[in-house]
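Tertiary structure, described
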Amino acid sequence: MIEIFNEALTIFGFGLCHQFPERSFDFAGVQWAVCARCSGIYVGLIAVLISLFVAYRKRQRHGFMAWPYWIFLAAGLAFMGWDGVSSYAGWRETTNFLRWITGIGMGASLAPLVYFLLVNNLAKESRDEPVMGGGARPWIAVVIGMVVAFFIVYPAGPLLGAAGAIIAALSIWVTFALLGLIVLGVLKPFYRTAESWRNLLVPGIIALILGLLLVASLSLFNAFIMTI
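Residues numbered from 1 in each chain as written. Predicted model: local features only at pLDDT ≥ 70, side-chain atom pairs only at ≥ 80, totals over all residues. Heavy atoms only, no water.

Remarks on the nonpolar core
Membership of the largest hydrophobic core comes to 37 residues, with the highest contact counts inside it found for Leu49, Leu52, Tyr115 and Leu118. Elements represented by at least two residues in this core include exactly α2 (36-56), α3 (67-88), α4 (96-122), α5 (137-151) and α7 (162-184). Apart from residues lying up to four places away in sequence, Leu49 is in contact with Ala111, Val114, Tyr115, Leu118 and Leu178. If you look at the next biggest cluster of nonpolar residues, it comprises 27 residues, including Phe25, Val43, Ile104 and Ala149. (Core = buried A, V, L, I, M, F, W, Y, C linked by side-chain atoms within 4.5 Å. Buried < 20%, exposed > 50% of the residue type's maximum accessible area, 1.4 Å probe, protein only. Helix = DSSP H or I, 4+ residues; strand = E, 2+ residues; numbered from the N terminus. Contact = heavy atoms within 4.5 Å.)

Focus: the pattern of salt bridges
All told, the structure shown has five salt bridges when counted by the stated rule. Linking Arg92 and Asp83 is a salt bridge whose minimum nitrogen-to-oxygen distance equals 3.0 Å. On the accessibility criterion, Asp83 (0% relative accessible area) is buried. Between Glu129 and Arg127 there is a salt bridge, with the nearest N and O atoms lying 2.7 Å from each other. A relative accessible area of 25% places Glu129 in the partly exposed class. Owing to a relative accessible area of 29%, Arg127 belongs among the partly exposed residues under this scheme. Taken together, the shared-partner salt bridges connect Arg37, Asp83 and Arg92 into one network. (Salt bridge = Lys/Arg side-chain N within 4 Å of Asp/Glu carboxyl O.)

What to know about the environment of Leu210
Here Leu210 shows up in helix α8 (residues 201-227). Of the residues examined, Leu210 reaches a relative accessible area of 39% and is grouped as partly exposed. A C-alpha to C-alpha distance of 9.6 Å links Leu210 and Trp173, two positions 37 residues apart in sequence.

Section: the packing of aromatic side chains
Summed over the entire model, instances satisfying the criterion amount to 19 aromatic pairs. Arranged with centres 5.7 Å apart and planes meeting at 45 degrees, the rings of Phe64 and Trp70 form a pair that is tilted. Aromatic side chains Phe79 and Trp82 sit 6.2 Å apart centroid to centroid with 5 degrees between the ring planes, which places their arrangement in the stacked category. Taken together, the residues Phe79 and Trp82, both in helix α3 and three residues apart, mark about one turn of the helix. Overall, the relative accessible area of 36% leaves Phe79 in the partly exposed class. For Trp82, a relative accessible area of 44% puts it in the partly exposed group. Ring-pair connections join several aromatic residues into one group, and the members of that group are Phe25, Phe27, Trp32, Phe97, Trp100, Phe150, Phe151 and Tyr154. For the cation-ring pair, Arg92 lies above Trp82, with the distance from its terminal atom to the ring centre recorded as 4.2 Å. (Phe/Tyr/Trp six-rings, centres within 6.5 Å; stacked < 30°, edge-to-face > 60°. Lys NZ or Arg CZ within 6 Å of the ring centre and 35° of its normal.)

As for the side chain of Ser219
Tracing the chain through its elements places Ser219 in helix α8. Discounting residues that sit within four places of it in the chain, Ser219 has contacts with Ile11, Phe12, Phe14 and Gly15.

Thoughts on the environment of Gly44
If you trace the backbone, Gly44 turns up in helix α2. Classification of Gly44 as buried rests on a relative accessible area of 0%. Separated by 120 residues in sequence, Gly44 and Gly164 place their C-alpha atoms 13 Å apart. The residues touching Gly44, leaving out its near neighbours within four places in the chain, are Ser39, Ile104, Gly107, Ala108 and Ala149.

Topic: the environment of Pro21
With respect to the helices and strands, the residue Pro21 is situated in the loop between α1 (2-13) and β1 (26-27). Classification of Pro21 by relative accessible area gives exposed; the value is 52%. Between the C-alpha atoms of Pro21 and Arg127, which are 106 residues apart in sequence, the distance is 46 Å.

This is the structure:
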C-alpha cells in the first residue's frame, strides 16, 4: 500500500520538481511529492493565503499592494535564492530544514499577491484599500500562516506521517487551481460576481479540474523530455 502511495505521489510531482530523496521529506516511509523547498513554497502559500482571508474576513481588499509588501517579496526571493544558489554552487552546505523555511518564506511572500488577484478578479464587493497596508493585522496573519506551515514538518512531521505528504500534495493542487481561478476571474461570466463563497462553487470546481490537468500535463511533458 505504501509503495502504491509513493508511486502516486512521485507521478503527481514528476513535472514540478527533481524529487531527489535526500532533499525531500520522508515520514512513515512516504516521500513527499516534491522536495523540501518546493513543499515549503506550496504549503507556505496556502497557509498564509488562508490566514489573510481570515484576517480580512468581510472587509476584503482589492487595492494594489502597499509598498512594504514589495520589501517582503524581495526578502523572500533573496533568502531562498541565497540558500539555493550558494548550495548548488558548492559554497556551502544546506539542509532540508533551511530548504523548508526558505520555501515557506517564498510561498508566504507570494500569498498576498495571489490574494489580491483573487479578490480583484472575483469579489463583487471589496474595499479599495492596499493589500498589506493599514495596520498590523495582515502581517500578523502572515506570521501565523508561516508558523502553521513550519509546524507541519517541525515538530509535527513524524506525528502526521503520510498525512503530511497529503497536505503538501493538496497544497500543490490548490495552488494550481487558484491560478486557474484567477484566470477564470478575468472572464465576463465570473468577473467580480462572487458575493459569497457559494458563488465560487462552479468556478472553483472548474479551477480544480484545470489545476489537476495542468499538473498532469507538466508530468507528461517532463516524461516526454526525458525520452528525447
